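# Secondary and tertiary structure notes
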Amino acid sequence: REKDDKHKFRMPKFRIAKEYKEKRKSVDDVARNMSKLKNSEEKSKRMEKEEQFFRETFMYDKEISVINTATAECSVPSKRRVDLPVTAGEQLDVIDVMEGPAVICRNSEGRYGYVLVEHLNFR
């Protein structure tokens, strides 16, 4: 048994590894925040592009403000580019009320279009 004890050795605890791990964690956080920033920049650019398309297509020169929010009762595909395709349960921002059965809405992706009032549930 004494011979076995002589050949055993203990592994030293490396404090550097812990420091490296903390440093790596902070670097990962920075990288994660940078990717979130890039995604938000891409999203804002996409939303600006959709808004510009909306203003040109609908000849809308008023300030865009949310009048009300509504939930889509059923899924409706769009037949025209100016119609907004909706899925059941989707939250929509009502931008403007038109004369007739349709309202102008914006979805969570920033797309604008007409939606029939009969497909919406106002709370």
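Residues numbered from 1 in each chain as written. Predicted model: local features only at pLDDT ≥ 70, side-chain atom pairs only at ≥ 80, totals over all residues. Heavy atoms only, no water.

### Regarding the pairing of strand S3 (residues 102–106)
The following threshold applies: Here the term buried applies to any residue with accessible area under 20% of the maximum for its type, exposed to any over 50%, and partly exposed to those in between, with areas from a 1.4 Å probe on protein chains only. Think of it this way: any DSSP run of H or I at least four residues long counts as a helix, any run of E at least two long counts as a strand, and we number them from the N terminus. Strand pairing is assigned whenever DSSP identifies at least 2 bridges connecting the two strands.
Counted residue by residue, S3 has five buried out of five residues, so it is predominantly covered. With burial as the criterion, each face of S3 is covered, one bearing Ala-102, Ile-104 and Arg-106 and the other bearing Val-103 and Cys-105. Where strand S2 (residues 91–97) meets S3, four bridges bridge the pair, whose relative direction is antiparallel. Bridge pairing in S3 places Val-94 opposite Cys-105.

### Points about the packing of aromatic side chains
The relative placement of two aromatic rings is captured by the distance of their centres and the angle of their planes. Note the cut-off: Here a Phe, Tyr or Trp ring, Trp counted by its six-membered ring, pairs with any other such ring whose centre lies within 6.5 Å, and the pair is stacked when the planes are under 30 degrees apart, edge-to-face when over 60, and tilted otherwise.
Per the stated rule, a full pass over the model turns up four aromatic pairs. Between Phe-54 and Phe-58, the aromatic rings sit 4.9 Å apart at their centres with planes inclined by 45°, giving tilted as the arrangement. With Phe-54 and Phe-58 both in helix H2 (residues 15–58), this residue pair falls four residues apart, about one helical turn. One aromatic cluster is present, formed by Phe-54, Phe-58, Tyr-60, Tyr-112 and Tyr-114 through successive ring pairs.

### Some points on the nonpolar core
For the record, the criterion: We call a set of buried Ala, Val, Leu, Ile, Met, Phe, Trp, Tyr and Cys residues a nonpolar core when their side-chain atoms join them within 4.5 Å. Contact criterion: two residues are considered in contact whenever any of their non-hydrogen atoms come within 4.5 Å of each other.
Counting ten residues, the largest nonpolar core consists of Ala-70, Ala-72, Leu-84, Val-86, Leu-92, Val-94, Val-103, Cys-105, Val-115 and Leu-120. Contributing elements (two or more residues each) for this core: strand S1 (68–72), S2 and S3. If we skip the residues at most four places from it in the chain, Cys-105 touches Leu-84, Leu-92, Asp-93, Val-94, Ile-95, Arg-111, Tyr-112, Gly-113, Val-115 and Leu-120. One finds Phe-58, Tyr-60, Ile-95 and Tyr-112 within the second-largest nonpolar core, a separate group that totals seven residues.

### Digging into the layout of surface pockets
So the rule is basically this: Only protein atoms enter the calculation, which uses a 1 Å grid: trapped sets of points that fit a 1.4 Å probe without letting it out are cavities, open sets showing protein on both sides within 12 Å along at least five of seven lines are pockets, and any residue with an atom within 4 Å of a point is a lining residue. Grid points are joined across faces, edges and corners, and a volume is the space filled by probe spheres set on the points. Under the scheme applied, nonpolar residues are Ala, Val, Leu, Ile, Met, Phe, Trp, Tyr, Cys and Pro; charged residues are Asp, Glu, Lys and Arg; polar residues are all the others, including Gly.
Volume-wise, the largest pocket comes out at about 210 Å³. What lines the largest pocket is simply Val-76, Pro-77, Ser-78, Lys-79, Arg-80, Asp-83, Leu-84, Ala-102, Tyr-114, Val-115, Leu-116 and His-119. By residue number, the principal contributor to the lining of the largest pocket is strand S4 (residues 112–116), which donates three residues. Tallied by class, residues from the lining of the largest pocket come to seven nonpolar, two polar and three charged.

### Observations regarding the environment of Pro-85
By the secondary structure assignment, Pro-85 is in the loop between S1 and S2. Taking relative accessible area as the criterion, Pro-85 reaches 29% and is therefore assigned partly exposed. For the pair Pro-85 and Val-115, spaced 30 residues apart in sequence, the C-alpha separation works out to 8.0 Å. In this structure, Pro-85 is in contact with Val-76, Pro-77, Ser-78, Glu-90 and Arg-111, ignoring residues within four places of it in sequence.

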